[in-house]
Amino acid sequence: MVLMGLMASVTIAAGTAEKMTGRAQPFAYLVIDSHEVHLGQAFEVVLLVEAAQGTVKADFSAWQDVSTRYVSSRSGLGARGARYELHYLFVARRSGKLALPAIEVAVGEQILKTQALELRVLEPEQTDTLGLDVSLSKARCYLGEALELKVTWRVELDLSLVKGVDLHIPILNDPRFEVFDPAQAIAASTKGAVGLPVGNRRVIAIASPQAQGDKAYSTLSFTKILVPRETGMLDIGGGSVYCAVTSAATEDRQNQYPSYFDNDFFKRDIKGKYKRCYALSERLRLEVEALPQADRPAGFYGLVSAGLALGVSASPVQVALGAPVTLEVRMQARDFVEHLELRPLHEQATLSSDFAIAQQRPLFTYDRGAKLFTQSLRPLRRDVESIGPITVP
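Residues numbered from 1 in each chain as written. Predicted model: local features only at pLDDT ≥ 70, side-chain atom pairs only at ≥ 80, totals over all residues. Heavy atoms only, no water.

1. Regarding the overall build of the protein chain
A count of helices and strands for the protein chain gives 2 helices and 28 strands. A buried classification covers 43% of the 393 residues belonging to the protein chain. By sequence separation, contacts in the protein chain at least 24 residues apart represent 73% of the contacts at least 6 residues apart. When the accessible surface of the protein chain is split by element, carbon and sulfur atoms take 49% of a total near 20800 Å². (Helix = DSSP H or I, 4+ residues; strand = E, 2+ residues; numbered from the N terminus. Buried < 20%, exposed > 50% of the residue type's maximum accessible area, 1.4 Å probe, protein only. Contact = heavy atoms within 4.5 Å. Areas by Shrake-Rupley, 256 points an atom, 1.4 Å probe, with all protein chains shown as cover.)

2. Notes on the side chain of H87
Along the chain, the position of H87 falls in strand β6 (residues 81-92). A polar contact is formed between the side chain of H87 and the side chain of E44, at a distance of 2.7 Å. (Polar contact = N/O pair within 3.5 Å; in protein donor to acceptor, adjacent residues only side chain to side chain.)

3. Side note on the confidence of the model for the protein chain
Taken as a whole, the protein chain shows an average pLDDT of 83; of its residues, 87% reach a score of 70 or greater. With pLDDT under 50 throughout, residues 1-23 is counted as low confidence; its partners more than four residues away or in other chains account for 31 contacts. Taken together, the stretch residues 252-261 has pLDDT below 50 and engages in 32 contacts with residues farther than four places along the chain or on a different chain. (pLDDT = per-residue confidence, 0-100.)

4. Some words on the nonpolar core
Counting residues in each nonpolar core, the largest one holds 37 residues, and the members touching the most others are L149, W153, L167 and I169. The leading source of residues in this core is strand β14 (residues 147-155), at 5 residues. Formed by 31 residues, the second largest nonpolar core is a distinct cluster that contains I32, L86, L117 and Y242. (Core = buried A, V, L, I, M, F, W, Y, C linked by side-chain atoms within 4.5 Å.)

5. Let's talk about the pattern of salt bridges
Considering all chains together, one arrives at 17 salt bridges under this definition. Residue R120 pairs with E36 through a salt bridge whose shortest N-O separation is 2.7 Å. Of the two residues, R120 is situated in strand β10 (residues 117-122) and E36 in strand β2 (residues 36-38); the sequence distance between them amounts to 84 residues. For E36, a relative accessible area of 41% gives the class partly exposed. Here D174 ties to R176 by a salt bridge, and the two come within 2.7 Å at their closest N and O atoms. Counted as one network, the salt bridges with shared partners bring together R154, E156 and K215. (Salt bridge = Lys/Arg side-chain N within 4 Å of Asp/Glu carboxyl O.)

6. Concerning the packing of aromatic side chains
All chains considered together, the criterion is met by 9 aromatic pairs. Between F364 and Y366, the ring centres sit 5.6 Å apart and the planes meet at 65 degrees, which makes this aromatic pair edge-to-face. You can call F364 partly exposed: its relative accessible area is 41%. Ring centres 6.0 Å apart and planes at 50 degrees place the aromatic pair F364 and F373 in the tilted group. The buried category is assigned to F373, whose relative accessible area is 2%. An aromatic cluster is present here, built from F43, F60, W63, Y70, Y88 and F90 joined pairwise through their rings. (Phe/Tyr/Trp six-rings, centres within 6.5 Å; stacked < 30°, edge-to-face > 60°.)

7. Notes on the side chain of S240
Examined against the element boundaries, S240 turns out to sit in strand β21 (residues 240-246). Residue class for S240 comes out buried when judged on its relative accessible area of 10%. Discounting residues that sit within four places of it in the chain, S240 has contacts with G40, L132, D166, L167, H168, A279 and L280.

8. Section: the environment of A79
Note that A79 resides in the loop between β5 (66-78) and β6. Between the alpha carbons of A79 and A51 there is a distance of 8.9 Å; along the sequence they are 28 residues apart.

9. Considering unusual backbone geometry
For the bond from S315 to P316, the omega torsion is -10 degrees, close enough to zero to count as cis. Note that P316 resides in the loop between β24 (309-315) and β25 (325-332). In this model, D295 sits at a positive phi of 65 degrees, which is unusual for a non-glycine residue. The topology assignment puts D295 in the loop between β23 (284-289) and β24. Residue R368 is not a glycine yet carries a positive backbone phi of 50 degrees.

10. Observations concerning the sheet that holds strand β9 (residues 110-113)
By way of backbone hydrogen bonds, the strands of a sheet pair with one another, either parallel or antiparallel. In spatial order, the strands read β4-β8-β9; together these 3 strands make up an open sheet with antiparallel pairing. Looking along the sheet, the strands with just one partner apiece sit at the ends: β4 (56-59) and β9. Ignoring strand direction, the axes of neighbouring strands in this sheet form an average angle of 20 degrees. As judged from the 4 bridges shared by β4 and strand β8 (residues 104-107), these two strands associate in the antiparallel manner. When the bridges of β8 are listed, A58 appears paired with V105. (Pairing = 2+ DSSP bridges. Axes fitted to C-alpha atoms, helices over the stretch in contact; angles between N-to-C directions.)

Structure below.
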């Protein structure tokens, strides 16, 4: 939904709500892109609220036939006080006619109700020319332990025929997980690098030609690093990809991989003959165990890693009183480094007793498979001759 179209819809919706509720009454009202969508296609719903000022909480739990994801919000002044605009993306879980009941919206202590919606969900073509695989590096892990998520989209078509892609991986927006980009990021100059729309993200994937017997196809793959922040048996769903397949390639891109981000995967204005297709991955479950309480070191802050190693260096080693010393802390591990965090140095008594240390977290870069943290220290006294040990409990 473009901004201009959104503003027009908002104006109409507010006018409609005034007729329904009366000019003096607060209201909550839903604006939808279209009442007809395809299975697997993301559609936007805007929740408009005018009421006394307060925190807005919308309960979509009654919408069992769609998956819900909050996108953004903004606020301003309206005729009845504060005016709120909350944007959500939804994906239908089944085809047919869906009756989406009115939802309750809490604004501070006030409870409002929206109107109910009806949605017609069309069945796109599920075809074996598309496939989607979403996998985790482990099916069981500890709380705070890093895992690799791998997403592979298989396309048995000329990629230049594929347009208007909606690729949804629910775990990437799951509040039970932290998501990190891989330390070895795919550069735009990498052979086969291609941008993919993944929810509200732009992700760089690698497109690779493949062959199995006499069948040729392409795979588009990317990875993310995940860290669970909740224990238990987690049902985290799978993924879906929805796209349009045209009968003719875009003239200036025929028989070529789409270029990095400037490609037809992001194109929504599709002309000519095309069909809607989708593919679903298998659902994922992950068992997350709590960390043992026994023998926890003092100051433990939840860092879990295999084979953690530290290296420390400082320069210059001769400075005037109050002059900065650059401290570098190198953290390495056998598995993943993306989630590694250095305990704030100003909280470490072996350092704070001798040095003035800024309270913000140290900056970091990735360097040859390690996570390198950098922070400035300033000696407090002339008799300071060494930097105390750094601990990662």
